[in-house]
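Given next are the chains, with one letter for each unit.
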Amino acid sequence: MAFRTSKEQEWTFASAMEQALRLLGPRSLSTLELRRKLSQRSVPSELIHDVEEKLLELSYLDDEDLSEEVLRAYMETEKYSTYYIREKMRERGLAVSHVLDDYDEWSVAVKLLEQRFHISDEERLIAIEEGEEDKFSKKKIIYFLKNRGFAVSTIQSICYEWGPYLE
């Protein structure tokens, strides 16, 4: 059975499957992402459903494995807040496992601050010893972390600990 869309393209199961495989080539997609992309290409929903079932059967789509892989990648890069990771996973239609509960957002935030503002605990201690205590803008640090989705409690904790070094 063939379907026609407004663009006068005739979709068959084979052409929809070919399109889906082309989309899956560059990177793994979640079921939701594939559905959206096929829908954007005006593939009829009945065919999308059939293609999805076949790809699940062939293990080309596996949201559970993809979810673990994506979550691990986000956590290993140590550049993102827990909120950011949850949102990105939600956008892709992926479940967030309890593994994210063990993510040390505070350490990630400190690492990002050290990279961004070129500061570290060592540099602060040396500056204090030498009497060259440079103060860092508390406002900049708060905005930097807030804009990256870090929790208010994480930001407050860092500001409290770094209080002597902030202006």
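Residues numbered from 1 in each chain as written. Predicted model: local features only at pLDDT ≥ 70, side-chain atom pairs only at ≥ 80, totals over all residues. Heavy atoms only, no water.

Novice: So what's going on with the packing of aromatic side chains? Which residues, and what values?
Specialist: The geometry of an aromatic ring pair is captured by two quantities: the separation of the ring centres and the angle between the planes. The tally for this structure, following the rule as stated, stands at three aromatic pairs. Ring geometry for Y74 versus Y84: centroids 6.2 Å apart, planes at 90 degrees, classification edge-to-face. Taken as a pair, Y74 in helix 4 (residues 63–77) and Y84 in helix 5 (residues 82–91) lie far apart in primary sequence, ten residues in all. Judged by relative accessible area, which is 29%, Y84 ranks as partly exposed. Ring geometry for Y80 and Y84: centres 4.6 Å apart, planes at 5 degrees, overall stacked. Accessibility expressed as a relative area gives 24% for Y80, which makes it partly exposed. What links up through ring pairs into an aromatic cluster is the set Y74, Y80 and Y84. (Phe/Tyr/Trp six-rings, centres within 6.5 Å; stacked < 30°, edge-to-face > 60°. Helix = DSSP H or I, 4+ residues; strand = E, 2+ residues; numbered from the N terminus. Buried < 20%, exposed > 50% of the residue type's maximum accessible area, 1.4 Å probe, protein only.)

Novice: Residues and numbers for the pattern of salt bridges, please.
Specialist: Tallying each qualifying case throughout the model produces nine salt bridges. In this structure, E33 and R27 form a salt bridge, with 3.2 Å as the shortest nitrogen-oxygen distance. Residue E33 is classed as buried on the basis of its relative accessible area, which comes to 8%. Relative accessible area serves as the criterion here: at 41%, R27 is assigned to the partly exposed category. A salt bridge links E78 to K111; its shortest N-O distance comes to 3.1 Å. Linking E78 in the loop between helix 4 and helix 5 with K111 in helix 6 (residues 105–117), this pair joins segments that are 33 residues apart in sequence. Since its relative accessible area comes to 35%, E78 is described here as partly exposed. Looking at K111, the relative accessible area reads 30%, which means it is partly exposed. Among the charged side chains, a network of salt bridges with common partners joins R27, E33 and R92. (Salt bridge = Lys/Arg side-chain N within 4 Å of Asp/Glu carboxyl O.)

Novice: So what's going on with unusual backbone geometry? Which residues, and what values?
Specialist: The phi angle at S59 is positive, at roughly 65 degrees, despite the residue not being glycine. Mapping S59 onto the fold places it in the loop between helix 3 (45–57) and helix 4. For S59, a relative accessible area of 57% corresponds to the exposed category. The phi angle at E78 is positive, at roughly 50 degrees, despite the residue not being glycine.

Bear in mind that shape data such as this cannot, by itself, settle questions of function.
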